[in-house]
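# Analysis of the macromolecular model
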Amino acid sequence: MNNEAREIPGRWNQRKRDIATVLWIAFLAACVGTFVIFAVLDPEALNDAWVLPWEMGSRLAYSLGFLFLFLVSLIAASLTAFMIRTGPPPGHAAGKDAKPPPEIHEPEAENPDLDLGDLK
Amino acid sequence: MTQELGPGTSLYRKEPKIYPRQVSGRFARLRVVAVWVLLGLFYLLPWIQINGKQAMLFDLPARKFYIFGLTFWPQDFIYLALLLITAGLSLFFFTALAGRLWCGFACPQTVWTEVFMWIENRVEGNRSRRMKLDKTPWNLEKILRKSTKQALWILFAAWTGFTFVGFFTPIRELGENVLTLSMGPWETFWMIFYGAATYGNAGFLREQVCKYMCPYARFQGAMFDKDTLIISYDEERGEPRGGRRKTADREELGLGDCIDCTLCVQVCPTGIDIRDGLQYECIACAACIDVCDHVMDKMEYPRGLIRYTTENALKHQGTRVLRPRIFVYGALLLIILGSTLWSMTHRVPLRADLIRDRNALYRELPGGIIENVYTLKITNMDDEAHIYTMRVLNNDAVEVDTSRELQLQAEEVAGISVRLRIPRSEAQGVQALEIELQAQQEPSIRKVFKARALMPTEAGNE
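Residue positions within a chain follow its written sequence, with the count starting from 1. Here the convention is simple: chains get letters from A, ligands get numbers from 1, in the order in which they are written. The predicted nature of this model means local features are confined to residues of pLDDT at least 70 and side-chain atom pairs, given and counted, to a pLDDT of 80 or more, with totals for whole chains, interfaces and linings taken over all residues.

### Regarding the overall build of chain A
Counting its secondary structure elements, chain A contains four helices and zero strands. A run of H or I in DSSP counts as a helix once it spans at least four residues, and a run of E counts as a strand once it spans at least two, with each numbered from the N terminus. Reading the helices (α) and strands (β) of chain A from amino to carboxyl end gives α-α-α-α. Each residue is classed by its C-beta neighbour count within 10 Å, where at least 20 other C-beta atoms makes it buried, 12 or fewer makes it exposed, and intermediate counts make it partly exposed; the C-beta atoms are placed from backbone geometry. Scored against the burial criterion, the 120 residues of chain A give a buried share of 8%. We call two residues in contact when the distance between their C-beta atoms, placed using the backbone, is within 7 Å. A separation of at least 24 residues holds for 59% of the contacts in chain A among residues at least 6 apart in sequence.

See the structure below:
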């Protein structure tokens with residue numbers, strides 16, 4: 001029996017939870033960002049600044065602005081999720097599952113003839 | 001120096017503070033070269049002038065980027081995107097080929113940490129002295145050494161912050177402003193911000209950035225295969241490890257080549273033991289190779305017990321350098337770099353657009369002439385002044401009248417009123433015109449663009 005079959009219906013596995021959380025948080029961030037940015041910035045200003053080779057309607061500007069912010073937030077949220085998923089397990093700081101730091105000693109301790117010279 | 005387990009301490013040993021031992025050798029020298037070249041570029045570039053402009057200046061208020069004598073305008077932001085793609089692809093390419101070269105030799109975290117550690121080493125002494133100094137109670141010497149180190153670190157970090165801001169504000173002006181203490185509030189803020197970031201990252205966080213914070217360290221494994229260059233300990237040759245006299249016969253003792261001096265651990269900036277195998281903490285700085293080679297020389301054993309190798313080579317299976325992923329990354333990189341260079345060298349430093357006057361359709365002038373009014377938006381993106389001529393390519397009957405001579409200074413942006421006059425008998429309805437703008441002295445600076453002219457129709461006449 002594989003893991004898939006053992007999942008309880010209605011409960012989301014880790015991957016599903018991660019994807020849903022990343023999408024939702026990025027969406028919220030993009031909403032707030034779009035709202036604040038276009039509250040102070042007139043998309044018509046983009047045309048006046050003459051950066052784009054075509055005249056952009058304000059609906060398109062709002063939409064592109066939102067999509068751009070959504071994309072950037074998605075990248076940030078996905079990377080954050082990835083870093084947390086692949087990072088040390090819970091209890092890392094408390095020393096759980098940690099391999100002890102490597103043993104070190106004086107190089108000459110067991111090698112009486114080792115003359116480190118300039119390395120000393 | 002073994003970490004001691006004091007009485008009553010927990011089962012787990014404290015994560016020891018890492019005191020990397022200074023190391024010399026081929027790769028240490030290579031890193032010093034990398035530090036000089038990269039930091040040299042960073043600290044010197046803003047001071048170099050090309051064609052009277054700072055060699056690298058991101059002039060945000062004027063929205064122009066000056067890079068090696070080239071001027072980039074907001075319209076050129078495609079190059080920024082291409083630059084980012086190129087940087088990403090290069091990282092893939094070099095990672096697949098040579099592993100974490102970036103981490104060990106080029107990453108700012110490594111490069112600045114190297115300088116901070118050099119300062120520390122000069123002021124507080126070598127590894128064992130630093131450990132001893134940290135253990136002794138505060139006395140005059142400790143206060144002197146620690147405060148000298150901090151002062152030098154802060155000075156260096158401040159200079160770094162200053163240089164960073166110098167990429168956004170002309171650095172010579174900025175220098176004068178700093179000397180007379182008359183910087184703007186935002187310049188001051190960014191100088192302190194960037195200086196503090198340098199100090200924190202290179203002075204304190206160090207290997208923790210690579211271990212806990214760096215995304216590249218986590219996903220670089222995905223770009224690896226069995227033919228990627230890694231730094232590895234030759235277990236087959238080294239084990240069983242153990243101390244011995246130089247004259248002892250290894251075979252008689254039943255020992256491998258590793259004399260277990262633990263120097264490879266002591267020089268490691270991330271505090272790992274390379275003999276435990278490939279670990280994600282390894283930033284491939286090759287300090288362990290340098291020190292192990294040194295020890296092998298002393299023992300008169302062949303070098304390379306720890307070396308740059310590949311997983312396949314370690315299994316005696318032969319390494320393939322040229323393999324599909326190298327070709328794919330390499331080809332993509334070449335295509336993008338090539339097309340970027342081509343388009344940059346073929347860039348026409350002129351931008352023009354004819355925008356119809358929104359208030360009127362057209363005007364009828366005496367003599368059966370119809371006049372359409374426009375604003376010519378024109379940018380001379382060149383660093384020389386030019387006079388341009390404007391003509392209509394696909395209709396000889398159109399007369400062009402500009403409100404002033406089309407002369408623009410270097411980098412000037414202008415809006416010039418333009419009237420196009422067409423005899424009524426020549427055309428009716430919407431006219432699609434092809435308009436050419438060309439620099440008089442330099443015919444290669446030429447732009448052709450489209451505009452519409454409105455003419456009365458017969459139907460409208462009735």
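### Observations concerning helix H2 (residues 14–40) of chain A
Residues and elements named next belong to chain A. Multiplying 1.5 Å by the residue count of a helix minus one yields the expected span of that helix. Taking 1.5 Å per residue, 27 residues should reach 39 Å; H2 reaches 39 Å between its end C-alpha atoms and fits that length. Within H2, burial applies to Val22, Ala26 and Ala30. Along its buried surface, H2 packs onto helix H4 (58–86).

### Let's talk about the environment of proline 107 of chain A
The residue proline 107 of chain A is located in the segment after H4 in this model. C-alpha separation for the pair proline 107 of chain A and leucine 64 of chain A, spaced 43 residues apart in sequence, amounts to 62 Å. Residue contacts for proline 107 of chain A: discarding those within four places in its chain leaves Leu114 and Leu116 of chain A together with Cys261, Thr262 and Leu263 of chain B.

### Remarks on the sheet that holds strand S16 (residues 446–455) of chain B
Pairing between the strands of a sheet is mediated by backbone hydrogen bonds and can be parallel or antiparallel. Here, any two strands with at least 2 DSSP bridges between them count as paired. The four strands lie next to each other as S13-S11-S15-S16 (chain B), forming an open sheet whose pairing is antiparallel. Across the chains shown, the open sheet's two edge strands, defined by having one partner strand only, are strand S13 (407–408) and S16 of chain B.

### A word on the nonpolar core
All names here are of chain B. Of all hydrophobic cores here, the largest spans 35 residues; its most connected members are Ile231, Cys264, Cys288, Val291 and Ile306. Contributing elements (two or more residues each) for this core: strand S6 (230–233), helix H13 (263–266) and helix H14 (287–299). Here the element with the most residues in this core is H14; it accounts for six residues. Setting aside residues no more than four positions away along its own chain, isoleucine 231 makes contact with Ile274, Cys282, Ala284, Ala286, Cys288, Ile289, Ile306 and Tyr308. To count as a nonpolar core, a set of buried Ala, Val, Leu, Ile, Met, Phe, Trp, Tyr and Cys residues must be joined through C-beta atoms within 7 Å.

Bear in mind that shape data such as this cannot, by itself, settle questions of function.
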